[in-house]
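A closer look at the structure
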Amino acid sequence: MLCFEKMVSLSIASCLKEMSVHFDSCSIDTPYEEALRIMCLSLSISIERLICDKKVSLGDLVTKDLVLNLEKNFKRRCEQEPFAYIKGQKAFLDHAFYVGPGVLIPRPETEHLVEFVSDYLQKRTESLSTCLLLEFGFGSGIISLSLKKRFPELQVKAWDISQ
């Protein structure tokens, strides 16, 4: 495991390299990109700033608390926890939705389904207030929520058995 106390003296570029190597050994797909995402999230800085300051030492850029946050999130990702759970949200279409353990992470295929249903609803000639969308086993509720947001007059009923 990486020693983040020692990493504070390394440049951002070196930290990213070290994290990437470790992510690769943990079988994380796209290890460099994951290192960038985890570092940006944990340190609350943009990817542009991270790249521009890549020669600056980590300790000169952020506080000790943020380095501890980086270490915590790095360990979570090494344990194969999805990035969306670490971040606490996932972009879906044009909105961000809360996700966490026990909530399914929205998939791109689900975006296609919502787009397909949206196209169908837009082509209808009668009022959507007479249309009822039923969703059983809604999981995160993202399909119903997204369609209701796009079509406020649509009646929506959704059920799930999760606690």
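In case you missed it, the structure is sitting above this.
Below: a short report on this structure. These figures come from a predicted structure and were not determined experimentally.

Analysis parameters
- Residues numbered from 1 in each chain as written.
- Predicted model: local features only at pLDDT ≥ 70, side-chain atom pairs only at ≥ 80, totals over all residues.
- Heavy atoms only, no water.
- Pairing = 2+ DSSP bridges.
- Helix = DSSP H or I, 4+ residues; strand = E, 2+ residues; numbered from the N terminus.
- Patch = residues over 30% accessible without salt bridge, like charges linked within 9 Å, V, L, I, M, F, W, Y side chains within 5 Å.
- Areas by Shrake-Rupley, 256 points an atom, 1.4 Å probe, with all protein chains shown as cover.
- Salt bridge = Lys/Arg side-chain N within 4 Å of Asp/Glu carboxyl O.
- Right-handed = clockwise from strand over helix to strand, strands pointing away.
- Core = buried A, V, L, I, M, F, W, Y, C linked by side-chain atoms within 4.5 Å.
- Buried < 20%, exposed > 50% of the residue type's maximum accessible area, 1.4 Å probe, protein only.
- Contact = heavy atoms within 4.5 Å.

Moving on: the pairing of strand β2 (residues 95-98). Note that strand β1 (residues 89-92) and β2 share 4 bridges and pair antiparallel. By the bridge assignment, A91 is partnered in β2 with A96. The hairpin formed by β1 and β2 contains 2 residues between the paired strands, and L93 there has a positive phi angle of roughly 55°.

On the surface, L132, L134, F136 and W159 cluster together to form a nonpolar patch covering roughly 430 Å² of accessible area. If you tally residues by element for the nonpolar patch, the top one is strand β3 (residues 132-136), at 3 residues. Mapped onto the elements of the fold, F136 is located in strand β3.

The side chains of a regular strand alternate between the sheet's two faces. Bridge analysis of β3 against strand β4 (residues 155-159) gives 5 bridges, and the strand direction is parallel. Looking at β4, one finds that L134 is bridged to K157. Tracing the backbone out of β3, into helix α9 (residues 142-150) and back to the parallel element β4 gives a crossover that is right-handed.

This part is about the nonpolar core. Counting 27 residues, the largest nonpolar core has M19, F23, M39, L50, L58 and L70 as the members making the most contacts within it. Elements with a contribution of two residues or more to this core: α1 (4-7), α2 (12-25), α3 (31-43), α5 (58-61), α6 (64-78) and α7 (83-87). The element best represented in this core is α3, accounting for 6 residues. Discounting chain neighbours no more than four positions away, the residues touching M19 are L2, M7, A35, I38, M39, L70 and F74. Counting 12 residues, the second-largest nonpolar core is a separate cluster that includes F97, L128, L133 and I142.

Applying the stated criterion across every chain yields a total of 8 salt bridges. Across the pair R77 and E34 runs a salt bridge, and its minimum N-O distance is 2.7 Å. A residue pair is termed long-range when its members are at least 10 positions apart, and R77 in helix α6 and E34 in helix α3 qualify at 43 residues. Residue E34 is classed as buried on the basis of its relative accessible area, which comes to 6%. In this structure, the salt-bridge partner of E71 is K75, at a minimum N-O distance of 3.6 Å. Highlighted residues: E71 and K75, both in helix α6, separated by 4 residues, approximately one helical turn.

Shape is all these values report; function is a separate question.
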